[in-house]
2 protein chains.
Amino acid sequence: MKRLTAYAPASIGNVAAGFDVLGAALAPLDGSLLGDRVTLTEAAAPAFRTSGAFAHRLPADPAQNLVLKAKALFEETFGHLPAFEIHLEKALPVNSGLGSSAASIVAALVAFNAYVGEPYGPSELLAFAGKAEASASGSVHYDNVAPSLLGGLRLVVPGGKARALPFPSDLAFVVLRPALEVATKDARAALPAQVPLADAVAFGANLAAFVQALHTQDSALLGASFQDLLAEPHRAGLVKGFREVQKAALEAGALGCSLSGSGPAVFAVAEEGDEARAVAEAMVAAFRNAGVEADAILCGLDTQGARIL
Amino acid sequence: MKRLTAYAPASIGNVAAGFDVLGAALAPLDGSLLGDRVTLTEAAAPAFRTSGAFAHRLPADPAQNLVLKAKALFEETFGHLPAFEIHLEKALPVNSGLGSSAASIVAALVAFNAYVGEPYGPSELLAFAGKAEASASGSVHYDNVAPSLLGGLRLVVPGGKARALPFPSDLAFVVLRPALEVATKDARAALPAQVPLADAVAFGANLAAFVQALHTQDSALLGASFQDLLAEPHRAGLVKGFREVQKAALEAGALGCSLSGSGPAVFAVAEEGDEARAVAEAMVAAFRNAGVEADAILCGLDTQGARIL
């Protein structure tokens, strides 16, 4: 009986400096997996089931599930897939800011592709994933699907492609998951339609400096450019305690701290080891002081991206 | 008798992808110099004189000259300079888009600094130059003073510093000087105060892709990102024939073509040799068809920047 499982990691969208165009795939440092899984099992007739901690939060109508939307998109190009049961293990919280939609979509697409002998390469899968993500968020964004599919820290470049950026291996992502929810659509609505020209220039200059800092291993410039000038000012108020948590992270030695995607997850970047642990503790305590329970996960980059387990 | 001459090269501001934050210092490929010179000669009393093809276009009141403004700025920090005659050789046309103001300011500052034993390093001189440039254009911009002072292709990063970007040595800058003038202040007035958020994101993503392309020697991405999404759409109309010249450059094989700074100078980037020569000819012809006389100069990067001759 034919059977396979695809895994796609959680991801941090924006990564502070790169609103809508930067994303980082996450691999917990304790060796566990943080992402969604899709298992396909040969069956007489198509079937779909879900499990996992957050399965109850998925749409009641299976046709509204992103995995089945991804299947329809895949079949638009490929033609009919053979009959199989799809099992989505939903480990990532929805509306968390950790690329939950992207992980489900990417795991599904990688599973479908593997099941029929990998007719599509990464760039075609990325295009499918972008379209499927658009059906969840309202417009095409690659900042979560690109890292979840391809791994690493990814810069989305013109033409819907994504390039890997070098990231210092001694830096950890401290990921905080507060017991809050922010709908991506609400987070988008918080953004202004227009920005001052000077802000546009500052955003571009800062993002370019971030890319430059990574390529030249310039840690001072990396720290200076690890900031979100475009979205964070408008979204900070949507996450209770965010400013206090950010302050605590920076005071504990973090290089930078911002919202993960549209939140409510918050991430900081700090030196792996004692510093990252101290930053995590300070952030958890700051959330608690604001009346919000949160857990912290220490992660590195998932450089592999989505894969068959 | 103490005497020295400082030279500062012309520069291309914006370099298409980096409105207000990218600049390239120019060195003509024929070995000639394209920039302004400032000679200081020991004298009983301070004196100031100008010469050169464009000296008659300088302000009639010497106190309004940028060289003397730069001197006042330098003295604010250093204290009184000894008495000398300043001779500005103004080789660059004013309001040309080739960093004429920046070259005069930078040559002057480098000359003053050398005359008194180099008390200041590059970052202090850059700060002086930024302030002096602001007195010419109305606000602090480093995109011409940074390359003119430091050489190379420069990215202005947060904190008023400038980093060198790697640029392919086989590419030439084809610089067209049309017999037109655009005042920097008018070119600034043509820009909108606000831009759509999506345009801000596209600008940042494109600039980041440009930096990424340079560091990874990705010529396809370099070509795709060699575009000005922010200023050119609003300024193209200020330079008669620009769109036709741009089209001609790209058809002749240029990687990219845009306004140099706020224009009217136009530049293209093309492979050094036959391709660059063909691009230059096509651009000159296109300007002529639009009723505008223009000359073309083939340049490489001036990697030295300002210097004592």
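Residues numbered from 1 in each chain as written. Chains lettered and ligands numbered in written order. Predicted model: local features only at pLDDT ≥ 70, side-chain atom pairs only at ≥ 80, totals over all residues. Heavy atoms only, no water.

Q: Looking at this model, I keep getting lost on the overall build of chain A. Mind explaining?
A: Looking only at helices and strands, one finds 10 helices and 14 strands in chain A. Viewed in the frame of its principal axes, chain A has a C-alpha envelope of about 60 × 40 × 35 Å. By the burial criterion, 57% of the 309 residues in chain A qualify as buried. Accessible surface, chain A: about 11,600 Å² in total, of which carbon and sulfur atoms supply 51%. Considering chain A, the positive charge centre built from 22 side chains and the negative charge centre built from 30 side chains are found 6 Å apart. (Helix = DSSP H or I, 4+ residues; strand = E, 2+ residues; numbered from the N terminus. Buried < 20%, exposed > 50% of the residue type's maximum accessible area, 1.4 Å probe, protein only. Areas by Shrake-Rupley, 256 points an atom, 1.4 Å probe, with all protein chains shown as cover. Lys, Arg positive; Asp, Glu negative; His and termini not counted. Charge placed at Lys NZ, Arg CZ, Asp CG, Glu CD.)

Q: Mind showing me how you'd approach the pairing of strand 11 (residues 256-259) of chain B here?
A: Moving residue by residue along a regular strand, the side chains alternate between the two faces of the sheet. Residues and elements named next belong to chain B. Relative to strand 12 (residues 266-271), strand 11 runs antiparallel, the two being bridged by 4 bridges. Note on strand 12: the bridge partner recorded for Cys 257 is Ala 268. The antiparallel pairing of strand 11 with strand 12 creates a hairpin that spans 6 residues between the two strands, and Gly 261 there sits at a positive phi of about 55°. (Pairing = 2+ DSSP bridges.)

Q: I'm lost on the environment of Asp 61 of chain B in this one. Help?
A: Mapping Asp 61 of chain B onto the fold places it in the loop between strand 5 (47-51) and helix 1 (66-78). Taking C-alpha positions, Asp 61 of chain B is 45 Å from Ala 209 of chain B, a pair spaced 148 residues apart along the chain.

Q: Explain the interface of chain B and chain A here, please?
A: Frequently, the measure chosen for interface size is the accessible area removed from exposure when the parts meet. Every contact between the two is made by 33 residues of chain B and, on the other side, 33 residues of chain A. Between chain B and chain A, the buried area comes to about 2,600 Å², and carbon and sulfur atoms account for 71% of it. Counting the surface chain B buries against chain A, the share from its top three residues, Pro 158, Leu 197 and Gln 212 of chain B, is 22%. For Asp 218 of chain B, the salt bridge identified is with Arg 163 of chain A, shortest N-O distance 2.7 Å. Linking chain B with chain A are 9 residue pairs in polar contact (both at pLDDT 80 or more), by the criterion used here. Every element with two or more residues in the side of chain B that touches chain A is listed here: strand 7 (153-157), strand 8 (161-165), strand 10 (194-196) and helix 6 (197-216) of chain B. In terms of residue count, helix 6 of chain B provides more of the side of chain B that touches chain A than any other element does, 14 residues in total. Note: strand 10 (residues 194-196) of chain A against strand 10 of chain B, 3 bridges, orientation antiparallel. In the strand pairing of strand 10 of chain B, Val 195 of chain A is matched with Val 195 of chain B. (Contact = heavy atoms within 4.5 Å. Buried area = accessible area lost by both parts, 1.4 Å probe. Salt bridge = Lys/Arg side-chain N within 4 Å of Asp/Glu carboxyl O. Polar contact = N/O pair within 3.5 Å; in protein donor to acceptor, adjacent residues only side chain to side chain.)

Q: So what exactly am I meant to see when it comes to the domain arrangement of chain A here?
A: All names here are of chain A. What the domain assignment reports for chain A is domain 1 (3-165) and domain 2 (171-301). Between the C-alpha centres of domain 1 and domain 2 there is a distance of 24 Å. Taken together, the contact pairs 32 residues of domain 1 with 39 residues of domain 2. Summed over both sides, the interface between domain 1 and domain 2 buries roughly 2,800 Å², with carbon and sulfur atoms accounting for 67% of that surface. Counting the surface domain 1 buries against domain 2, the share from its top three residues, Ala 16, Phe 19 and Leu 29, is 23%. The salt bridge partner of Arg 188 is Asp 20, with a shortest N-O separation of 2.7 Å. Where domain 1 packs against domain 2, one counts 10 residue pairs in polar contact (both at pLDDT 80 or more). (Domains from an automatic or database assignment.)

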